[in-house]
Amino acid sequence: MAGDLPLTRNPAATEKAEAIRAAVRGATQMGESRLARPEDAAGLYALLADPKVFAPIYSLPRPLTRETVAAFIDHHLAERETGIGLLFVREGEDGRILGYSDVQVWPHWGAGELGGALHPSLHRQGAGGRGAGLSFAWMYDTLGLDLICETASLDNVATQRMLDGLGFRRLGEVTSVRPDGTTRASLVWEMTRAEWAARHDAS
Ligand SMILES: CC(C)(COP(=O)(O)OP(=O)(O)OC[C@H]1O[C@@H](n2cnc3c(N)ncnc32)[C@H](O)[C@@H]1OP(=O)(O)O)[C@@H](O)C(=O)NCCC(=O)NCCS
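Residues numbered from 1 in each chain as written. Predicted model: local features only at pLDDT ≥ 70, side-chain atom pairs only at ≥ 80, totals over all residues.

## A few points about the environment of aspartate 74
Tracing the chain through its elements places aspartate 74 in helix α4 (residues 66-82). C-alpha separation for the pair aspartate 74 and glycine 129, spaced 55 residues apart in sequence, amounts to 28 Å. (Helix = DSSP H or I, 4+ residues; strand = E, 2+ residues; numbered from the N terminus.)

Quick look at the structure:
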């Protein structure tokens, strides 16, 4: 997660921040996705190791190995206990991991960020846009967030179109720092709960 996000910082009341932490601690499922478990390390590594999945995502472990993916899962389980992060996986019928979602939360800003990917065999069929829409709705409704802040690399056209299409506002550029300390320029979007409700809840 980039240190300078979210760009909009409205302090959440103490009770509100605590309610968000409690919702994160209690989460086990987001739509069709379940919490990642330590025994998912090999299957998640198989998904993430594809450059089409790995290259555009700044928050994944570098180097990417089965061991660093196992540590990534453990780290998210610890974040869940603290109420600030969740890692979900979506399994296919054969048990293969076909997608993952990484939810990062700033309870004191009432804000969060969603990262993730789908297996390349599922790209460009509308599944990413639909799934992201359901996940954002879950983050507002179930976690109680007031703001979602998103980033994408300058050449990640699929994510840019997805966020523009869902109504997120472009707010400029930041420098994202990867776990190995290298950096990447990122475009930034934000959307408030009220903006989301006005655009999506009536439909
Ligand atoms: C980002 C991702 C989840 C999108 O999922 P998807 O199912 O392929 O996307 P959709 O089919 O719902 O398409 C979303 C939009 O992107 C466009 N799009 C999808 N792939 C594209 C591509 N390769 N080039 C250009 N546009 C593309 C679609 O046309 C659609 O735009 P529109 O609604 O304006 O027509 C998926 O591409 C992915 O997993 N990528 C690798 C990891 C990643 O980039 N994660 C996001 C950063 S955290």
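Further notes follow.
## Points about unusual backbone geometry
The step from leucine 5 to proline 6 runs through a cis peptide bond, and the omega angle for that step is -5°. Going from arginine 62 to proline 63, the amide bond is cis rather than trans, its omega being -5°. By secondary structure assignment, the location of proline 63 is in the loop between α3 (51-54) and α4. Positioned with a positive phi, arginine 124 is a non-glycine residue whose angle comes to about 65°. Mapped onto the elements, arginine 124 comes out in the loop between β5 (111-118) and α5 (127-141). Accessibility expressed as a C-beta count within 10 Å gives 9 for arginine 124, which makes it exposed. (Buried ≥ 20, exposed ≤ 12 C-beta atoms within 10 Å, placed from the backbone.)

## Structural notes on the site of the ligand
Looking at the ligand, there are 22 residues lining it, with Ala117, His123, Gly128, Gly129 and Ala158 nearest. Looking at the shell around the ligand, the elements with two or more residues in it are β5, α5 and α6 (157-166). Ranked by residues supplied to the shell around the ligand, first place goes to α6 with 6 residues. (Near = placed C-beta within 6 Å.)

## Regarding the environment of threonine 28
In this structure, threonine 28 sits in the loop between α1 (14-26) and β1 (29-30). The spatial distance from the C-alpha of threonine 28 to the C-alpha of histidine 75 is 16 Å, given a sequence separation of 47 residues. Apart from the residues within four sequence positions on either side, threonine 28 is in contact with Arg34 and Leu35. (Contact = placed C-beta atoms within 7 Å.)

## Considering the packing of α5 against α6
Two elements in contact, α5 and α6, have axes whose closest approach is 10 Å; the angle formed by their N-to-C orientations is 50°. Viewed along their axes, α5 and α6 adopt a mutual orientation that is oblique. As α5 packs across α6, the resulting crossing turns out to be right-handed. Residues Gly128, Gly129, Ala132, Gly133 and Phe136 of α5 lie in contact with α6, whose contacting residues are Ala158, Met162, Gly165 and Leu166. Looking at the contact of α5 with α6 residue by residue, the classes come out as 5 nonpolar, 4 polar and no charged. (Axes fitted to C-alpha atoms, helices over the stretch in contact; angles between N-to-C directions. Parallel < 35°, antiparallel > 145°, perpendicular 65-115°, else oblique. Left-handed = near helix turned anticlockwise from the far one by under 90°. Nonpolar A, V, L, I, M, F, W, Y, C, P; charged D, E, K, R; others polar.)

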